[in-house]
Amino acid sequence: MTTESQSTQTAAGQPAEGNAAPTIQIPRVLTVKELGELMSLSPVEVIKDLMKNGVMATINQNIDYDTAAIVAHDLGFEPKEAAVEEVAEEAPEPPKGVAAEEEEDASALKPRPPVVAVLGHVDHGKTSLLDAIRKTDVVSGEAGGITQHIGAYQVETKGQRISFLDTPGHAAFTAMRARGAQVTDLAVVVIAADDGIMPQTKEAIDHARAAGIPIVVAITKIDLESANPDRVKQQLAGLDLNVEEYGGDVICVPVSAKTGDGLDTLLENILVAAEVLELRANPDRAARGTVIEAEMDRNRGPLATVLVETGTLRVGDVVVVGKTWGRTKAMFDEHGQRIKSVGPGEPAAVLGLQEVPQAGDVLTVVSNDKTARKIVVQLQREAEAAAVHVQPHVTLDTLFGAISAGKVKELNLILKTDVQGSIEPIRQSLERLSNDEVRVKIIHAASGAVTESDVMLAIASEGMVIAFNASEEPGAERLVQQSGIEIRHFSVIYHITEDVEKALQGMLDPVYIDVIKGKAEVRQVFQMKRKGQVAGCYVTEGTIAIDDLAHLFRGEEMIADTKVTSLRRFQEEVREVQVGTECGFTLEGVKDFQEGDLVEFYRRKRER
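Because the structure is a prediction, the values reported are computed rather than measured.

The strand order across the open sheet built from 6 strands is S7-S8-S6-S9-S10-S11, with neighbouring strands paired in mixed fashion. The open sheet is flanked by strand S7 (152-157) and strand S11 (251-254), the only strands paired with a single partner. Adjacent strand axes in the sheet meet at a mean angle of 30 degrees when their direction is disregarded. In terms of strand pairing, S7 meets strand S8 (residues 160-165) through 6 bridges, oriented antiparallel. From the neighbouring strand, glutamine 154 faces S8, where its bridge partner is serine 163. Relative to the sheet, helix H6 (residues 199-211) contacts strand S6 (115-120), strand S9 (186-192) and strand S10 (215-220), its axis offset from that of S9 by approximately 170 degrees. Together, S6, S7, S8, S9, S10 and S11 form the strand contacts of helix H8 (residues 263-277), whose direction differs from that of S8 by roughly 95 degrees.

In terms of nonpolar packing, the biggest core is built from 24 residues, with Leu129, Ile133, Ile162, Phe164, Leu266 and Ile270 touching the most fellow members. Ranked by the residues each element gives to this core, the list is headed by H8, at 6 residues. Not counting residues up to four positions away in its chain, the partners in contact with isoleucine 133 are Val155, Phe164, Leu263, Leu266 and Leu267. Ile197, Ala204, Ile205 and Val243 belong to the second largest nonpolar core, which has 22 residues in total.

What follows covers the pattern of salt bridges. Tallying each qualifying case throughout the model produces 20 salt bridges. Among the salt bridges present, the one from glutamate 486 reaches arginine 488, with a minimum N-O distance of 2.7 Å. Overall, glutamate 486 belongs to the buried group, its relative accessible area being 12%. Among the ionic pairs, arginine 603 bridges to aspartate 548, the shortest N-O distance being 2.9 Å. Placement of arginine 603 in strand S33 (residues 598-606) and of aspartate 548 in the loop between strand S27 (532-545) and strand S28 (549-554) is noted, with a sequence separation of 55 residues between them. Through salt bridges with shared partners, a single network forms among Lys517, Asp547, Asp548 and Arg603.

Now for the sheet that holds strand S25 (residues 487-490). With parallel pairing, the 4 strands of this open sheet are ordered in space as S23-S22-S24-S25. Each edge of the open sheet carries a strand with a single partner, namely strand S23 (439-447) and S25. Here the strands of the sheet are splayed against their neighbours by 25 degrees on average, with no regard to which way each runs. The pairing of strand S24 (residues 464-468) with S25 spans 4 bridges and is classified as parallel. Following the sheet pairing, alanine 467 is matched in S25 by histidine 489. Along the sheet, helix H12 (residues 452-460) contacts strand S22 (410-417), S23, S24 and S25; its crossing angle with S22, the most-contacted strand, is approximately 175 degrees. Along the sheet face, helix H14 (residues 493-505) touches S22, S23, S24 and S25 and points at about 135 degrees away from the line of S25.

Calculation rules
Residues numbered from 1 in each chain as written. Predicted model: local features only at pLDDT ≥ 70, side-chain atom pairs only at ≥ 80, totals over all residues. Heavy atoms only, no water. Pairing = 2+ DSSP bridges. Helix = DSSP H or I, 4+ residues; strand = E, 2+ residues; numbered from the N terminus. Axes fitted to C-alpha atoms, helices over the stretch in contact; angles between N-to-C directions. Contact = heavy atoms within 4.5 Å. Core = buried A, V, L, I, M, F, W, Y, C linked by side-chain atoms within 4.5 Å. Buried < 20%, exposed > 50% of the residue type's maximum accessible area, 1.4 Å probe, protein only. Salt bridge = Lys/Arg side-chain N within 4 Å of Asp/Glu carboxyl O.

Here it is, written out as structure tokens:
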């Protein structure tokens, strides 16, 4: 952390007139105090500028380079990112996914097994299909082995291996993508021959498409009398998945987990699809992989299922996994058998980590314990800094700027409507808005409330949710607050196309509505020396909060549109007052309350 040029500065940190701004080298993460020292300024000055930019941080809190650079520029400096410390050279890279091997010597690359995600509707036979393939009985439970459900299994057919991910569902599959981990090469979408395509089937297909991976369809339960595979194929055509026998390019295999019919054909077709992808990796380098799932084993400690992407992971290797580290004490395959090494495209359960990692965390082998500790400390600091500086997702408000900056080429939308009949007209209207600079793409559309799965798909695809007369499930609301993803609500179809079109052209003006929160009646007026008039009132409806806006009515006439400036219960300042209670408040600019005045308290909510 050094200052490259020493120019005369004013007390506020600004360079004296006529002098160039001094350049400072800022590391990718540092504390508020360290930034102040770097600029020879009080941390208070830094905190003030952070607050001006909407960031609340304490003196010892970590901030990232982007946030620090904004503050430095505001205070008269020219920021530059400092060279990364040597220890970070071994730090885990951002996950690139199994299918995206980095540039390496072509002669070192060797074929690796394909990694297959099994997706589909609940009860359509995903696990039973894997049971039949593995010739074991996971449904009724395995005895003994600690890894009876490690979330990943490997099978061998005709001398070639295939790694299957038995994900709980497409939401879990997409949750990993949302965290940056793209670990699958292709998806097997399981559809029951008797039920046909169900809402979750369509979701699974949309999630696989959004991931950009090939789809193989397995039509299960063909042994049932009510089975109708041809109907399923016709339904697939309605989703633009044309099977090979209808002149399309989608592999579709009828199978029965009960009788075993079609299983060999399914495996052969997976290998054919994988061959087209030319999957290769270097097994002779330090391993890098991704955590599929993890748990705390009561007897053995943290246990993580890891899929190795490149290199070979061995017992005894020192690894950094997300924000924890450890030395691999032991590794197990899906049968609970100890193994000594795991190569590219292969899964294993790993013991020896200090803490339980998260699904989607990157595993990287490093040289020694000391290096691992340093990397983890650095990663923890960066995670704290990232929590302060949240990178905003694309919204309709920021869309035009993102297009102009060349950051957005596709606007990915998840469309949720109240009824099925609304989907197609809205889809067609939105897709017609595509232009030379940006394509409007509906990656998933369905009727019903906005779910966690919808928000997760929006995060993973860097998109947003359009809700037409559709509410949000509680889990979706929580995820939206955490992630910053936009859900834009509409009740008129043409407002949707109008707003998206204006956003594409950079002309979108927000529309707000007033949401009434509470009402109160003024019953007594007090004259206070410092505060002026205080209204003593009774809350007749809802609640009143200190940051509410307020309409003051006298009879039928509204005489003030203002906001609450103070709120008291007896002699104490309070933040909120409930219905049926008495309180005193002041309103900004109001100096002539009268008994009998009515006050309506509201919040301004963005409608579109």
